[in-house]
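# Structural overview for review
The chain contents come next:
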Amino acid sequence: MTATYTFDVFSSLDGYGAHSGNWGGYWGKQGPELLDHRLALYDQEQRMVFGANTYRAHAQMLASSTEESEARDPWVTRMRNLPATVVSTTLEEPLDWPDATVVSGDAVDIVSRLKEESEVPLRSHGSLSLNRALMAAGLVDRVQVTLFPVITGQTGLDPLFQGAPDFDLELIENRTLDGNTQELIYRPTLH
């Protein structure tokens, strides 16, 4: 049986994964329902998959944070404690991440093999260029977009799907969190 691969990403309404403004984390829109839901998602047994840039960003964010900061929200701590595969030609072990393995090579080949060998679902939070390549190769089973109610036209960074092929998306789940944040889960197919 092939493991399910979920590309899990946060987004502004205009399709940015981050910002350079004074919004704060989660664009300042996190609430208890969102944080509880995220913790439940990451409480399930699964393997994380990261590209080198996202791994570096997560590790740096956590290293520079305090125990009280949102970077250490319980779901983030849980994510960090899950087994992880980091696809990279530049990083070397040991990593500052419990139970992380660096695998060098073509991301499509690596994730294709992981999907065949893994006994648990695979999830990637972020890793935009990695996941665009995996989507193009037909390896992403679910795109999970947490859509925050903001437009970051002036401060938006990291356009989520810039340069990606065209996809048709079949909505398979949706929910509203804290009355204004949408979680949309799609099954992607190349158009």
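Residues numbered from 1 in each chain as written. Predicted model: local features only at pLDDT ≥ 70, side-chain atom pairs only at ≥ 80, totals over all residues. Heavy atoms only, no water.

## Some details on the overall build of the chain
The cut-off we apply is this: Think of it this way: any DSSP run of H or I at least four residues long counts as a helix, any run of E at least two long counts as a strand, and we number them from the N terminus. When we talk radius of gyration, it's over C-alpha atoms, and the globule rule is simply 2.2 Å times the number of residues to the 0.38. Relative accessibility under 20% of the residue-type maximum defines a buried residue, over 50% an exposed one, and the middle range a partly exposed one, all with a 1.4 Å probe and only protein chains included. Accessible areas in this description were obtained via Shrake-Rupley with a 1.4 Å probe; residue shielding takes into account the shown protein chains only. Positive residues here are Lys and Arg, negative ones are Asp and Glu, while His and the chain termini are left out of the count. A charge is said to be at NZ when it belongs to Lys, at CZ for Arg, at CG for Asp and at CD for Glu.
A count of helices and strands for the chain gives 5 helices and 10 strands. For the chain, whose C-alpha radius of gyration is 16 Å, the value lies close to the compact-globule estimate of 16 Å for 191 residues. In terms of principal-axis extent, the alpha carbons of the chain reach across some 40 × 40 × 30 Å. Of all 191 residues assigned to the chain, the portion counted as buried reaches 46%. For the chain, the accessible surface area stands at approximately 9600 Å², while carbon and sulfur atoms represent 48% of it. Counting 14 positive and 27 negative side-chain charges, the chain places the averaged centre of each group 0 Å from the other.

## A few points about the sheet that holds strand 10 (residues 181-190)
Keep this limit in mind: Strands qualify as paired when DSSP identifies two bridges or more between them. Helix axes are fitted only over the stretch in contact, all axes being lines through C-alpha atoms; the angle between N-to-C directions runs from 0 to 180 degrees. Any pair of residues with heavy atoms lying within 4.5 Å of one another is described as a contacting pair.
Taking strand neighbours across the sheet as the criterion, the 8 strands line up as 5-4-3-6-1-7-10-9 in an open arrangement whose pairing is mixed. Each edge of the open sheet is held by one strand with a lone partner, namely strand 5 (100-103) and strand 9 (167-177). Across the sheet, the axes of successive neighbouring strands diverge by a mean angle of 25 degrees, strand direction being ignored. Of the strand pairs in this sheet, strand 1 (residues 5-12) and strand 6 (residues 122-125) are connected by 4 bridges, and their pairing is parallel. Note that in strand 6 the partner of Phe7 across the bridge is Ser124. Running over the sheet, helix 2 (residues 52-63) touches strand 3 (47-51), strand 4 (84-87) and strand 6 and is turned about 105 degrees from strand 3. With respect to the sheet, helix 5 (residues 128-136) is in contact with strand 1, strand 3, strand 4, strand 6, strand 7 (142-148), strand 9 and strand 10, its orientation differing from that of strand 1 by roughly 130 degrees.

## Examining unusual backbone geometry
Cis rather than trans, the peptide bond between Glu93 and Pro94 has omega equal to 5 degrees. Here the phi dihedral of Tyr26 falls at roughly 55 degrees; this positive angle occurs in a residue that is not glycine. By the element assignment, Tyr26 lies in the loop between strand 2 (16-19) and helix 1 (32-42). For Tyr26, a relative accessible area of 9% translates into the label buried. The backbone of Asp99 sits at a positive phi, close to 55 degrees, despite the residue not being glycine. Among the structural elements, Asp99 can be located in the loop between strand 4 and strand 5.

## Remarks on the pairing of strand 4
Burial along strand 4 is two-sided: Ala84 and Val86 facing one way and Thr85 and Val87 facing the other are all buried. In this structure, strand 3 lies alongside strand 4, joined through 4 bridges in parallel fashion. Its bridge partner lying in strand 4, Gly51 is registered against Val87. In this structure, strand 4 lies alongside strand 5, joined through 4 bridges in parallel fashion. Note on strand 5: the bridge partner recorded for Val87 is Val103.

## Description of the pattern of salt bridges
Stated precisely, the cut-off is as follows: In what follows, salt bridge is the name for a side-chain nitrogen of Lys or Arg lying within 4 Å of a carboxyl oxygen of Asp or Glu.
One pass over the structure, following the stated rule, counts 9 salt bridges. Taking the shortest distance from any N to any O, the salt bridge between Arg142 and Glu173 comes out at 3.6 Å. Note that Arg142 is positioned in strand 7 and Glu173 in strand 9, a separation of 31 residues in sequence. Owing to a relative accessible area of 23%, Arg142 belongs among the partly exposed residues under this scheme. Through salt bridges with shared partners, a single ionic network connects Arg142, Glu173, Arg175 and Glu183.

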